[in-house]
Amino acid sequence: MPHERAFGAAIIAVLIGIVGVFLFLGGLLSLLALAFQTNWGSYVPSAGTFLSFLTSNATIAAAIVLIVGLVYVAVALGLWRQELWALVVVFVFGLLYAVGEGSGLAWGFLYATPRYSLTTAGVLGSIVALLIVVGVLAYLASVRDDFI
């Protein structure tokens, strides 16, 4: 482990970890809520429907949220430990987000009917989010030598 930890990378790791924990807990609580609201008495084990609640769209969505939360926590731990793979994961998904958000804004300003207005809260939020992601990526690029 390197002797010095980049302070900004540690803050980014903590923020990603907090989001990951909330996603994990949200997915877990959603799965528990879906399990407890199921009418278990209506299932007939001989008909093969006992675990059919696992195939509902809400259950699959909750499981995906739970898994994404675990991935966020893993990336946060990797950033905290200054692992190179975590830096690469953040760069890949940050660039994908920036390209997607930027292209969506460009489409909205140039081709949408009606066209986007710069004074709309959603548009301003997208621009601020894009600037934050670009700033985080620029910072992580500047401290990339601290990662092993």
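Up top is the structure.
This is a predicted model, so every value here is computed, not measured.

Visitor: In this structure, what is going on with the nonpolar core? I would like to understand it.
Guide: Inside soluble globular proteins, nonpolar side chains tend to come together where they are buried. Of all hydrophobic cores here, the largest spans 15 residues; its most connected members are Ile16, Leu79, Val90, Leu140 and Phe147. Elements with a contribution of two residues or more to this core: α1 (7-37), α2 (57-80), α3 (84-110) and α4 (121-142). The element best represented in this core is α1, accounting for four residues. What Ile16 contacts, discounting residues up to four positions off in sequence, is Tyr72, Ala76, Leu79 and Val90.

Visitor: Looking at this structure, I do not really get the packing of α1 against α2. What am I missing?
Guide: For any two helices packed against each other, one specifies the inter-axial angle together with the distance between the axes. Between α1 and α2, whose axes approach to 7 Å, the crossing angle comes to 160°. Considered as vectors, α1 and α2 are oriented roughly antiparallel to each other. Note that α1 runs across α2; the crossing there is left-handed. Residues of the contact of α1 with α2, tallied by class, amount to 24 nonpolar, six polar and no charged.

Visitor: Help me understand the packing of α2 against α3, please; the structure alone is not making it clear to me.
Guide: α3 packs onto α2 with a crossing angle of 125° between their chain directions and a minimal axis gap of 7 Å. Taken together, α2 and α3 sit at an angle that is classed as oblique. Two packed elements cross with a definite hand, and for α2 against α3 that hand is left-handed. Counted together, Ala74, Val75, Gly78 and Leu79 of α2 and Trp85, Ala86, Leu87, Val89 and Val90 of α3 form the full contact between these two elements. Considering only residue class, the contact of α2 with α3 consists of eight nonpolar, one polar and no charged.

Procedures and definitions
All residue numbers refer to positions counted from 1 along the written sequence of the respective chain. Owing to the predicted nature of the model, reporting of local features is limited to residues with pLDDT of at least 70; listing and counting of side-chain atom pairs is limited to 80 or more, with chain, interface and lining totals taken over all residues. Each side-chain value is worked out from all heavy atoms of the structure, with water and hydrogens disregarded. The definition of a nonpolar core used throughout is a set of buried Ala, Val, Leu, Ile, Met, Phe, Trp, Tyr and Cys residues joined through side-chain atoms within 4.5 Å. Classification of residues uses two cut-offs on accessible area relative to the type maximum, computed with a 1.4 Å probe and protein chains only: under 20% is buried, over 50% is exposed, and between them is partly exposed. Comment: elements are numbered from the N terminus, with helices defined as DSSP H or I runs of at least four residues and strands as E runs of at least two. Contacts between residues were defined by any pair of non-hydrogen atoms, one from each residue, lying within 4.5 Å. All axes are obtained by fitting lines to C-alpha atoms, using only the stretch in contact for helices, and the reported angles, taken between N-to-C directions, cover 0 to 180 degrees. Should an angle fall under 35 degrees it is called roughly parallel, over 145 degrees roughly antiparallel, and 65 to 115 degrees roughly perpendicular, with every other angle called oblique. The hand of a helix crossing depends on one turn: near helix anticlockwise from the far one by less than a right angle means left-handed, and clockwise means right-handed. Charged means Asp, Glu, Lys or Arg here, nonpolar means Ala, Val, Leu, Ile, Met, Phe, Trp, Tyr, Cys or Pro, and polar covers whatever is left, Gly included.

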